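# Breakdown of the fold
For reference, the chains in residue letters:
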Amino acid sequence: MGRKRRCIVYVGFVGLGLMGQPMALNLARAGTPLVVWNRTPARCAPLRAAGAEVAASPAEVFDRADAVILMLADETAIDVVLSRGTPDFAARVAGHTVVHMGTTSPEYSGSLEADIRAAGGRYAEAPVSGSRVPAEQGQLVAMLAGDDHAVETVRPLLAPMCAETFDCGPVPNALLMKLSVNLFLITLVTGLTEAFHFADRYGLDQRLLQNVLDAGPMASSVSRMKAPKLLARDFAAQAAAEDVLKNNRLIAEAARKADLASPLLDVCHALFGETVAQGHGGEDMVAVLRALEARTDGTRRSSAPSC
């Protein structure tokens, strides 16, 4: 027997972490009929208050929703939610559109699309550029890839969460584009952090540095968000250092596979590895300052990450 027809067409959302929770809240507040699940149930409370329904399991989400958005930490978490590699996988994804909005390797995404399509489902990549604040404001930038039917199904779902959406062609082009964007972001924020460290150790007024940067051609929404955090030594996470290290690793692996030079990325890879090794992985990415300070002060811990 097929699934029972529903009067309300629900959208599923699985993964209510640092980014997923504000993204799902924007969907709920826009009036999207939403059913959510998160491994830590307490993360669901704001969604319930916003009118979303909370499922008891990922299986219930798929039972009730036609399109299911996944905003999960890594490949293992995705496979567990989908029951991939088990007899339940085909039944779970058949007839559904699965939307992968997290960041994984492009190769993984390509193989996942093949498995979902073989099981009778549809698949789209929709990774986003932006940290927690743009997520809260519905100002993320989405990169969308998949076949035409999947893309047209997913596009309107992104509107409450994203200011703009860019079509990137077939899978895994959206994830490759996301890695390109993240390469720039990682090197940009590391450079900004090193500039503040340089000024600090020369005894310069860091607030003046911030004002000079804001007035000049190097200013950006990123520098205007991160410079005040550096000035205040505010390491509350907007984008956590451990997540940046994961992204750095994914970009480095992709670069190696294509025999691409990535010298700036490689330096950042080492610095974020040291930041996480020092116990600051849950802090904002500007906590890379701690690795720079440790190198300057001669207390660097050996933690060169492998690619």
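For the structure itself, consult the block above.
Residues numbered from 1 in each chain as written. Predicted model: local features only at pLDDT ≥ 70, side-chain atom pairs only at ≥ 80, totals over all residues. Heavy atoms only, no water.

## Brief notes about the pattern of salt bridges
All chains considered together, the criterion is met by 19 salt bridges. A salt bridge links K257 to E107, with the nearest nitrogen and oxygen atoms 3.5 Å apart. Highlighted residues: K257 in helix α12 (residues 241-257) and E107 in helix α6 (residues 106-118), separated in sequence by 150 residues. The exposure class of K257 is exposed, given its relative accessible area of 58%. For E107, a relative accessible area of 43% corresponds to the partly exposed category. With a shortest N-O distance of 3.7 Å, R117 and E113 are connected by a salt bridge. Pair noted here: R117 and E113 are both in helix α6, with a separation of four residues, about one helical turn. The exposure class of R117 is partly exposed, given its relative accessible area of 46%. Among the charged side chains, a salt-bridge network with shared partners connects E53, E60 and R64. (Salt bridge = Lys/Arg side-chain N within 4 Å of Asp/Glu carboxyl O. Helix = DSSP H or I, 4+ residues; strand = E, 2+ residues; numbered from the N terminus. Buried < 20%, exposed > 50% of the residue type's maximum accessible area, 1.4 Å probe, protein only.)

## Side note on helix α10 (residues 206-215)
The α-helix advances 3.6 residues per turn, and as a result positions three or four apart in sequence lie on the same side. Three or more residues of α10 are buried, namely Q206, Q210 and L213. Down the axis, α10 shows its buried residues gathered within 65° of arc, on one side only. The exposed set on the far side of α10, more than 90 degrees from its buried face, consists of R207, V212 and A215. Among the structural elements, α9 (173-201) and α11 (221-232) are those in contact with the buried residues of α10. (Arc of directions from axis to C-beta. Contact = heavy atoms within 4.5 Å.)

## Focus on the environment of E125
Mapping E125 onto the fold places it in strand β6 (residues 122-125). Put simply, E125 and F198 are 73 residues apart on the chain and 40 Å apart in space, counted from C-alpha to C-alpha. Setting aside residues up to four positions removed in sequence, E125 forms contacts with H100, S109, M143, L144, A145, V171, P172, N173, A174 and L175.

## What about the environment of D115?
Within the secondary structure, D115 is located in helix α6. It is 37 Å that separates the C-alpha atoms of D115 and E274, two residues lying 159 residues apart in sequence. Excluding residues that lie within four positions of it along the chain, D115 makes contacts with R84 and F89.

The quantities given are spatial measurements derived from coordinates; they are silent on function.
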